[in-house]
Amino acid sequence: MVSRREFFKNAGALAVSAGLVSKVGAASLPEAAIAPGAATAAPAHPQTGRPFNPVVTLNGWSLPWRMNNGVKEFHLVAEPVVRELAPGMKVNMWGYNGQSPGPTIEVVEGDRVRIFLTNKLPEHTSVHFHGQRLPNGMDGVSGLTQPAIPAGKTYVYEFEARRPGTFMYHPHADEMVQIAMGMMGFWVTHPKNPNFMKVDRDFVFMLSNFDVAPGGYTPKVNTMLDFNLFTFNSRVFPGIDPLIVRQNDKVRIRMGNLTMTNHPIHLHGHEFEVTGTDGGWIRPEARWPEVTVDLAVGHMRAIEFMANEPGDWPLHCHKSHHAMNAMGHNVPTMIGVDHKGLGEKIAKLVPDYMVMGERGMADMESMQMPLPENTLPMMSGQGPFGSIAMGGMFTVLKVRPDQKPGNYKDPGWYKHPAGTVAYEWKGEMPAATRSNSAGGQSMPPASKPKDVELNVRKPGPHSGH
Ligand SMILES: [Cu+2]
């Protein structure tokens, strides 16, 4: 029998057809595929079972299955993993099948599903299928609906995927530790009718948070609020892949929140509607337009929009501390403090001392100070105009007219048409602006330009109407 690694290499792709595993006897476990890295895998079109439109897991992949007498069988392995958060930082986590989060599981409404869960953690676990209709004994709550799965054992879950929608899976055993260590994954039950609420691109990712000391390698599992790494699918910007779409594509983004706080996720350049929650699809007449959707802890949300504005549009958490990385916390605010001469004096006593923050924190955008091994600058990522000054829960929706249908290759930065980029004003300043910039000193009044009318409404006969 081939090892998991060899099997995966031989399969050559994430989507493994039943034919490739048919030599494995019906009584044996299905092979547990693993993903070698944190790249976004191409959508896995089904080669067996009923048709569906696959999702794209940001910096993730979908788990192959085998058909066994009409039952879709998946093999999840709960195990310690090493996850790269972004180039330059790797973290010891717990996850499934080689990665955190685990692979996305995709099934079709009405599918009979069998999940084998092998526990390779040093302690017991279980797996709960969040939001699903299933027999109570398949709900995965250790102690309540089943015994906890001891280390080294494999348990089997079996149920019909009754309701289409957006779900997740995670342990209901020592959750504080296991979820803090990264144990979670996405689950999509596609509708029986592939044309129901069909979209051109369907992205999924989990929100998670970690507290890893700069230079450390393992999340602190007892942290309750002060996390320093906020992630989309256990990646931080600039490690999060962009969402690549073709102009005028109908786009769905599904997100699930297993952090310790809420996240207002904001999209630039477009309005969207929330079309689904973990409770199901929202009736069209009950939806309203938004540009930010708040995900409470335990929430899943599906948003949809027409990507009709070409460009590079941020998609990010609107909590400003969640769009930056580890180094920014517990630093005193130094704006306005005059450090002149002080830095040199302290440097004689403390050779590594560095003054920062006296003009705001923008100096932190690029790595101007040496970082400990295995951490990331608090804000980073280079764009076409300089540093993007973001980290954490931040990525870019790239809308391009010439992106081929079904193609997810990064087209590079947007090339703005001439005359459509903000530019420096080089003309005359109005008086008020000049006096502000001169620090409040009085300036001679500027004469009003002849061709500019002051925009003041005079009360007319219809005022107060
Ligand atoms: Cu947030």
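Just so it is clear, the model here is predicted, and its values are computed rather than measured.

S.K.: Now, about the sheet that holds strand E10 (residues 185–190): what can you tell me, with residues and values included?
M.R.: Strand order in the open sheet formed by four strands is E5-E10-E9-E7, with mixed pairing between adjacent strands. One side of each edge strand has no neighbouring strand; the edge strands of this open sheet are strand E5 (105–108) and strand E7 (128–130). The mean inter-strand angle of the sheet, taken between neighbouring strand axes irrespective of direction, is 25 degrees.

S.K.: Describe the nonpolar core, and please don't skip the residues or the numbers.
M.R.: As a rule of thumb, soluble globular proteins bury nonpolar side chains together. Within the largest apolar cluster, 85 residues are counted, with the highest numbers of intra-cluster contacts made by Leu76, Met168, Trp187, Phe203 and Leu397. Here this core takes seven residues from strand E3 (residues 71–86), the largest share from any one element. Not counting residues up to four positions away in its chain, the partners in contact with Leu397 are Leu243, Val245, Leu267, Trp313 and Leu315.

S.K.: Kindly report on the sheet that holds strand E15 (residues 263–267), identifying the contributing residues and their values.
M.R.: Strand order across the open sheet formed by five strands is E13-E24-E21-E15-E19, with mixed pairing between neighbours. The open sheet has two edge strands, strand E13 (243–246) and strand E19 (292–295), and neither has a second partner. With direction set aside, neighbouring strand axes in the sheet form an average angle of 20 degrees. Summarising the sheet, strand E21 (residues 311–317) and strand E24 (residues 394–400) pair through six bridges and their orientation is antiparallel. Its bridge partner being in E24, Gly311 is matched across the sheet by Val399.

S.K.: So what's going on with the pairing of E15? Residues and values would help.
M.R.: Within a regular strand, the side chains alternate between the two sheet faces. Judged by which residues are buried, E15 turns out to be one-sided: His263, Ile265 and Leu267 face inward and are buried, whereas Pro264 and His266, on the alternate face, are not. Here E15 runs beside E19; their pairing, made up of four bridges, is antiparallel. Following the sheet pairing, His263 is matched in E19 by Leu295. When E15 meets E21, the two strands line up antiparallel, connected through three bridges.

S.K.: Give a description of the pairing of E5 that names residues and reports values.
M.R.: Here E5 shows no split at all, with Ile105 and Val107 on one side and Glu106 and Val108 on the other all buried. Pairing between E5 and E10: four bridges, direction parallel. Directly across from Glu106, in E10, lies its bridge partner Val188.

S.K.: Explain the confidence of the model for the protein to me, and be specific about the residues and the numbers.
M.R.: Of all residues in the protein, 77% have pLDDT values of 70 or greater, and the mean over the chain is 85. Confidence drops under pLDDT 50 across residues 1–26; counting only partners more than four residues distant or on other chains, this segment forms 34 contacts. Considering only residues more than four positions removed or in separate chains, one finds that residues 437–443, a stretch of pLDDT under 50, has seven contacts.

S.K.: Please provide a residue-by-residue account of unusual backbone geometry, values included.
M.R.: Among all residues except glycine, the phi angle is most often negative; among peptide bonds, the trans geometry is most common. Across the junction of Ser100 and Pro101, the peptide omega takes the value -5 degrees, indicating a cis bond. Locating Pro101 in the fold gives a position in the loop between strand E4 (89–96) and E5. Of note, the bond from Phe237 into Pro238 is cis; its omega dihedral lies within 30 degrees of zero at 10 degrees. Among the secondary structure elements, Pro238 is positioned in the loop between strand E12 (229–232) and E13. Residue Asn59 is not a glycine yet carries a positive backbone phi of 50 degrees. Counting through the fold element by element, Asn59 comes out in the loop between strand E1 (56–57) and strand E2 (66–68). Classification of Asn59 by C-beta neighbours within 10 Å gives buried; the count is 24.

Definitions and limits used
Numbering of residues begins from 1 in every chain and follows the order in which that chain's sequence is written. Local features in this predicted model are restricted to residues whose pLDDT is 70 or higher, and side-chain atom pairs enter the listing and the counts only when it is 80 or higher, whereas totals over whole chains, interfaces and linings include all residues. When DSSP finds two or more bridges between two strands, those strands count as paired. What counts as a helix is a DSSP run of H or I of at least four residues, what counts as a strand is a run of E of at least two, and both are numbered from the N terminus. A fitted line through C-alpha atoms represents every axis, and for helices the fit uses only the stretch in contact; the resulting angles, taken between N-to-C directions, go from 0 to 180 degrees. Throughout this description, the term nonpolar core refers to a group of buried Ala, Val, Leu, Ile, Met, Phe, Trp, Tyr and Cys residues whose C-beta atoms join them within 7 Å. Residue burial is a threshold on neighbouring C-beta atoms within 10 Å of the residue's own C-beta, all placed from the backbone, with 20 or more meaning buried, 12 or fewer meaning exposed, and counts in between meaning partly exposed. Any two residues are considered in contact once their C-beta atoms, placed from the backbone, lie within 7 Å. On a range of 0 to 100, pLDDT expresses the predictor's confidence in each residue.

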